[in-house]
Amino acid sequence: MDWLFLDAAFTGGSRDECSAKAGGACWAVIGERLNLFTYGFYPAAERWRVNLSLVLLIFTLFPILFEKVPYRKYALHIAVAFPFVTAWLLVGGLGLTPVETDQFGGFMLTLVIGITGIGFSLPIGILLALGRQSKLPAIQIFSIGFIEFIRGVPLITLLFVASTMLNYFLPPGVTFDLLLRVLIMVTLFASAYMAEVIRGGLQAIPKGQFEAADSMGLHYWSAMRLIVLPQAMKISIPGIVNTFIGLYKDTTLVIIIGLLDPLGIGRASLADTKWTGLSTEVYLFVAIFFFISCFGMARYSQHLENKLETDHKR
Amino acid sequence: MTQKPESVNEETKSAAGKYAVTMRDVHKWYGKFHALKNINLNVEVGEKIVICGPSGSGKSTLIRCINRLEEHQQGEITVEGIELSHDIKNIEIIRREVGMVFQHFNLFPHLTVLENCTLAPIWVRKMPLAEANAIAMQYLERVKIPEQADKYPGQLSGGQQQRVAIARSLCMKPRILLFDEPTSALDPEMIKEVLDVMIQLASEGITMICVTHEMGFARTVGDRVIFMDNGEIIEENNPDDFFLNPQHERTKLFLSQILNH
Ligand SMILES: Nc1ncnc2c1ncn2[C@@H]1O[C@H](COP(=O)(O)OP(=O)(O)O)[C@@H](O)[C@H]1O
Ligand SMILES: [Mg+2]
């Protein structure tokens, strides 16, 4: 504790300046590199676009996560536009200065990969889980093949495939943004796990629920959406959030193919002779960032489980 | 009222219109197991049929073939004049007209009682919410639990849940109601409240096909009792003759077992 705060130096231009001031932690390194940790190499003049995206993110998440938000219904409709608006804001074009995605980095990169993965893996996972139980053999075989293949391969391998091998398959001259490839791979990876978690939930739904839905004349998709999935998803919440947290932390693996997430920025900072030897400070800072996000997800999962509790007696 | 099974074969297709349900030479297999054997049955519009028989005799299978929860492999079934086929649209049309009440209620636990009742009218009949709510409340009053409308099924007793399930079926205004042992999963003190609702319904002209061993119910409202064993219809008769004067040995044995119970 003393090391963390009391004996710590919060300002200074290098490690030596820190140790001259105090014997504890040298947080100055974080202070000096905070922009790098947050935005990566995103051009300083355009950083407002990242900030605006974050504000939009908060305004999108609140109505999705919480029921008691005013005008929730409209907000949910507007939320559909969020991915497109944000993508435009961050990448640019159409009137905004284009920013290459290899300049993305830091927490911003973590959020981009994590939120894209989380946002798309849930619907894809639901479709795969339903596909795996489908009565149509073609759909079933595709779903099982996809899930088992993706689960059988480490994420790192998929990321390598994304960064190198895809180029061999694409016609020469066609370039395919590296970040986009990573986003696709991370999403597919999480989708396979998501599918299995949701399948567990689907299997826990008694046959009588399907029969009651069928006997009313509901279509397959209505029955799934109104009756089966709400119950299956509720059962699956712990597993879903677990997968989300896993995905979010796995975003740090992109360091291996040269993208600079917070961990990558941290390593780069330590390579700077001014700051060598401060690995404890740097990694602790990154760890705290991840812990806060993941703990938030875990708490929300708990909140959701309590809210959806309707089996009061049984 | 009594109809001999053989006479059914002579029915022409056009005559199916005046029946709520017709089954002609229906067979059903589960894999190799022959669950329904040559079933012939005509149910008139408004008729109350009671089906009984030992466990595993095919009673559930028979009524579940009527709304295609189970598929028959041979023979012909018509419901309200429409022949059951593989066409899913056709099946959905029939299911709108045929309500089903299950032994284990099968209410949707994540929805309130009211939402359970309005779900099908809203999504299948495309009814506006306010109208669906009004109709649901009307039927919840009919089954005497309007005050539970905002509770979840898990908060109700078994008898209350089964009455909700009946109200839920009624909200679709079906022409035919199928009951599969609606009181078998209930504690004895709750059976009466459910039977009372069913007896009241029976007086309203809806076609009812009930699998049940409740003799009192069969004798009060039944037009015809059908006895099944081993996947076959063994005997059918009006309730009084059926219970007082059974013809077949297997019927006598079965009746002696449920009477001594
Ligand atoms: N889904 C199924 N798969 C295989 N056999 C079944 C299935 N459903 C019922 N059966 C068999 O068919 C027979 C009739 O079942 P059922 O119609 O449920 O009888 P009941 O309702 O008269 O007790 C039983 O022997 C049962 O084991
Ligand atoms: Mg049965």
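Just so it is clear, the model here is predicted, and its values are computed rather than measured. (Residues numbered from 1 in each chain as written. Chains lettered and ligands numbered in written order. Predicted model: local features only at pLDDT ≥ 70, side-chain atom pairs only at ≥ 80, totals over all residues. Heavy atoms only, no water.)

Chemist: Just to check I follow, could you spell out the side chain of B:T212 for this structure?
Modeler: Residue and element names in this part refer to chain B. Along the chain, the position of T212 falls in the loop between β8 (207–211) and α8 (215–221). Classification of T212 as buried rests on a relative accessible area of 7%. In this structure the side chain of T212 is engaged in a polar contact, spanning 3.0 Å, whose partner is the backbone nitrogen of E214. Residue contacts for T212: discarding those within four places in its chain leaves V50, I51, C52, T183 and F217. (Helix = DSSP H or I, 4+ residues; strand = E, 2+ residues; numbered from the N terminus. Buried < 20%, exposed > 50% of the residue type's maximum accessible area, 1.4 Å probe, protein only. Polar contact = N/O pair within 3.5 Å; in protein donor to acceptor, adjacent residues only side chain to side chain. Contact = heavy atoms within 4.5 Å.)

Chemist: Is there a simple way to think about the confidence of the model for chain B in this case?
Modeler: The predicted coordinates of low-pLDDT regions are not to be read in fine detail. All names here are of chain B. Of all residues in chain B, 93% have pLDDT values of 70 or greater, and the mean over the chain is 91. Looking at the elements of chain B, mean pLDDT is at its lowest for helix α1 (residues 5–8), recorded as 43, and at its highest for helix α4 (residues 113–123), recorded as 97. Here residues 1–14 is a poorly scored stretch, pLDDT under 50, and it has 25 contacts once near neighbours within four places are set aside; other chains count. Across the whole predicted complex the pTM is 0.85, and at the interface the ipTM reaches 0.89. (pLDDT = per-residue confidence, 0-100.)

Chemist: Can you walk me through the site of ligand 1 in this structure?
Modeler: All names here are of chain B. Neighbouring ligand 1 are the residues Y30, F33, P54, S55, G56, S57, G58, K59, S60 and T61. G56 has a polar backbone atom sitting 2.7 Å from an oxygen atom of ligand 1. Within the contact set of ligand 1, an oxygen atom lies 3.0 Å away from a backbone nitrogen or oxygen of G58. For ligand 1, the accessible surface in isolation is 560 Å², of which the surrounding protein chains cover 60%. Among the elements that take part in the shell around ligand 1, helix α2 (residues 59–66) stands out by supplying three residues, more than any other. (Near = heavy atom within 4 Å. Areas by Shrake-Rupley, 256 points an atom, 1.4 Å probe, with all protein chains shown as cover.)

Chemist: Honestly, the environment of B:K126 in this entry has me stumped. Any pointers?
Modeler: Within the secondary structure, B:K126 is located in the loop between α4 and α5 (129–142). Owing to a relative accessible area of 59%, B:K126 belongs among the exposed residues under this scheme.

Chemist: Help me understand the state of the cysteines in this model?
Modeler: When the sulfur atoms of two cysteines share a covalent bond, that bond is a disulfide. All names here are of chain B. Applying the stated rule across the entire model yields one disulfide over all chains. Here C52 stays unpaired: no disulfide links it, and the sulfur of C210, its closest cysteine neighbor, is 12 Å away. The class for C52 is buried, based on a relative accessible area of 4%. (Disulfide = S-S within 2.5 Å.)

Chemist: When you look at the interface of chain A and chain B in this model, what are you seeing that I'm missing?
Modeler: How big an interface is tends to be stated in terms of the accessible area lost upon association of its parts. If you look at the interface, chain A gives 22 residues, while chain B gives 29 residues. In this assembly, chain A packs against chain B so that about 2,200 Å² is buried in total across both faces, 59% of it on carbon and sulfur atoms. The largest per-residue losses of area from chain A upon contact with chain B belong to A:S215, A:M216 and A:T310, which jointly make up 26% of the total buried on that side. Where chain A meets chain B, there are one salt bridge. The salt bridge involving A:E211 is made with B:R64; its shortest N-O contact spans 2.7 Å. On inspection of chain A and its partner chain B, the count reaches seven residue pairs in polar contact (both at pLDDT 80 or more). Contributions of two or more residues to the side of chain A that touches chain B are made by α11 (207–215) and α12 (220–250) of chain A. Examining the composition of the side of chain A that touches chain B, we find that eight residues originate from one element, α11(A), more than from any other. Partitioning the side of chain A that touches chain B into residue classes produces seven nonpolar, eight polar and seven charged. (Buried area = accessible area lost by both parts, 1.4 Å probe. Salt bridge = Lys/Arg side-chain N within 4 Å of Asp/Glu carboxyl O. Nonpolar A, V, L, I, M, F, W, Y, C, P; charged D, E, K, R; others polar.)

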